[in-house]
Amino acid sequence: MKAAVFLDRDGTIIEDVGYLARIERLALFPWSVDAIRALNHAGLPVVVITNQSGVARKYFAERFVHETHRALDDLLAPGGARIDAYYYCPHHPDGKLPEYSRLCDCRKPGRALVDRACADLGLDPARSFVVGDTWRDVGLARAVGARAVMVRTGAGAIEEQRPPAGLAADAVVDNLAAAASWILMNPLNPLNPQSAIRDPQC
Ligand SMILES: [Mg+2]
Ligand SMILES: [Zn+2]
């Protein structure tokens, strides 16, 4: 079972534009390609875990979420960067579309998407990392026993100022590039020469 990096999407890899409902608004942060490629080269699977309640709210359809992820792949590929898999939650308890409007266990900080990714890809959440710009992402990390890295992009700079009681990140850093560095230097990274973990599969 491998360590992985679970990345939030909006505000972490790409600009947070509220609800991304038009592909023209998709904008990578300038460092995202390099950061993701560095994780790829380290042999860490990179998995996007994203709440997309815009589906339940009827701002966009599920097929648009897939279209967005294909467009994101197309932006990353020329720079040699790759997302290994995408998982999204289309639900919200107060949505407009009845089929998506419910309490679910896949909306972050719920852990169901990470559990699904781990089952699909053979990942070990307890040796993995979650990177995101909100306390929901940190909550997800805590729920699955992963390390939590909060970035100050997106909502992060504001979120950092108002930590919920009982929740703390393992690191708060400026952006995804700094998060990737922190992960690659972390003793839990199986490829770090100082790794505390020895796993021939990695
Ligand atoms: Mg976010
Ligand atoms: Zn859900």
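## Quick notes on the coordination of the magnesium ion (ligand 1)
- Asp8 (OD), Asp10 (O) and Asp133 (OD) make up the full set of protein donors to the magnesium ion (ligand 1), lying at 2.1 to 2.2 Å.
- Asp8 gets classed as buried once you look at its relative accessible area, which sits at 7%.
- Residue Asp133 is classed as buried on the basis of its relative accessible area, which comes to 2%.

## Section: helix α6 (residues 176-185)
- All of the buried residues along α6 are Leu176, Ala179, Ala180 and Ile183. Buried residues along α6 cover an arc of 100 degrees about the axis, so they all sit on one side.
- Residues of α6 that are buried in the fold lie against β1 (5-7), α1 (32-41), β4 (129-132), β5 (147-151) and β6 (171-173).
- The N-terminus of α6 is capped by Asn175, whose side-chain oxygen sits 2.9 Å from the backbone nitrogen of Ala177.

## A closer look at the coordination of the zinc ion (ligand 2)
- Those donors, Cys89 (SG), His91 (ND1), Cys104 (SG) and Cys106 (SG), are the protein atoms that reach the zinc ion (ligand 2), and they lie 2.0 to 2.3 Å from it.
- The coordination sphere of the zinc ion (ligand 2) comprises four donor atoms, whose angles at the metal cover 103 to 118 degrees; the geometry is tetrahedral.
- For the zinc ion (ligand 2), all donor residues lie on one chain, and their spacing in sequence is C-x1-H-x12-C-x1-C.
- Residue classification places His91 among the buried residues on the basis of a relative accessible area of 9%.

## Points about unusual backbone geometry
- A cis amide bond links Lys108 with the next residue in sequence, Pro109, at an omega value of 15 degrees.
- Following the sequence through the fold, Pro109 ends up in the loop between β3 (85-89) and α3 (112-121).
- Although it is not a glycine, Lys58 adopts a positive phi angle of roughly 70 degrees.
- Its place among the elements puts Lys58 in the loop between β2 (46-51) and α2 (62-76).

## Description of the pattern of salt bridges
- The tally for this structure, following the rule as stated, stands at 11 salt bridges.
- Between Glu24 and Arg22 there is a salt bridge, with its nearest N and O atoms 3.0 Å apart.
- Residue Arg22 is classed as partly exposed on the basis of its relative accessible area, which comes to 47%.
- With a closest N to O distance of 2.7 Å, Glu160 and Arg152 form a salt bridge.
- The exposure class of Arg152 is partly exposed, given its relative accessible area of 30%.
- Taken together, the shared-partner salt bridges in this structure form one network comprising Asp8, Lys108 and Asp137.

## Considering the environment of Ala21
- With respect to the helices, strands and loops of the structure, Ala21 is situated in the loop between β1 and α1.
- Along the primary structure Ala21 and Val65 are separated by 44 residues, whereas in three dimensions their C-alpha atoms are 8.7 Å apart.
- The contacts of Ala21, once residues within four sequence positions are left out, are Tyr59, Phe60 and Phe64.

## Comments concerning the nonpolar core
- Ranked by size, the top nonpolar core spans 30 residues in total, and within it Ile13, Ile36 and Val131 carry the most contacts.
- When contributions to this core are tallied by element, the ones reaching two or more residues are β1, α1, β2, α2, β4, β5, β6 and α6.
- Counting residues in hydrophobic clusters, the runner-up holds 24 residues, among them Ala4, Ala112, Ala117 and Leu123.

## Structural notes on the packing of aromatic side chains
- Under the defined criterion, the tally for this structure stands at four aromatic pairs.
- For the pair Phe29 and Trp31, a centre-to-centre distance of 5.4 Å together with 10 degrees between the ring planes defines the contact as stacked.
- The class of Trp31 is partly exposed, set by a relative accessible area of 26%.
- For the ring pair Phe60 and Phe64, a centre distance of 5.7 Å and an interplane angle of 50 degrees mean the geometry is tilted. Neither residue differs from the other here; Phe60 and Phe64 are each classed as buried.

## Thoughts on the sheet that holds β3
- Taken in spatial order, the six strands line up as β3-β2-β1-β4-β5-β6 in an open sheet, and their pairing is parallel. Looking at the sheet topology across the chains shown, the edges are occupied by β3 and β6. The average angle at which neighbouring strand axes cross in this sheet is 20 degrees, direction not considered.
- As paired elements, β1 and β4 share three bridges and run parallel to each other. Bridge pairing links Leu7 to Val131 in β4.
- Seen against the sheet, α2 touches β2 and β3 and runs at an angle of roughly 150 degrees to β3.
- Packed on one face of the sheet, α6 meets β1, β4, β5 and β6 and runs near 155 degrees to β5.

Scoring rules and cut-offs
- Residues numbered from 1 in each chain as written.
- Chains lettered and ligands numbered in written order.
- Predicted model: local features only at pLDDT ≥ 70, side-chain atom pairs only at ≥ 80, totals over all residues.
- Heavy atoms only, no water.
- Donors = N, O, S within 2.8 Å, 3.2 Å for Na, K, Ca; no water.
- Buried < 20%, exposed > 50% of the residue type's maximum accessible area, 1.4 Å probe, protein only.
- Helix = DSSP H or I, 4+ residues; strand = E, 2+ residues; numbered from the N terminus.
- Arc of directions from axis to C-beta.
- Contact = heavy atoms within 4.5 Å.
- Polar contact = N/O pair within 3.5 Å; in protein donor to acceptor, adjacent residues only side chain to side chain.
- Tetrahedral: all angles 85-135°; square planar, octahedral: opposite > 155°, others 65-115°.
- Salt bridge = Lys/Arg side-chain N within 4 Å of Asp/Glu carboxyl O.
- Core = buried A, V, L, I, M, F, W, Y, C linked by side-chain atoms within 4.5 Å.
- Phe/Tyr/Trp six-rings, centres within 6.5 Å; stacked < 30°, edge-to-face > 60°.
- Pairing = 2+ DSSP bridges.
- Axes fitted to C-alpha atoms, helices over the stretch in contact; angles between N-to-C directions.

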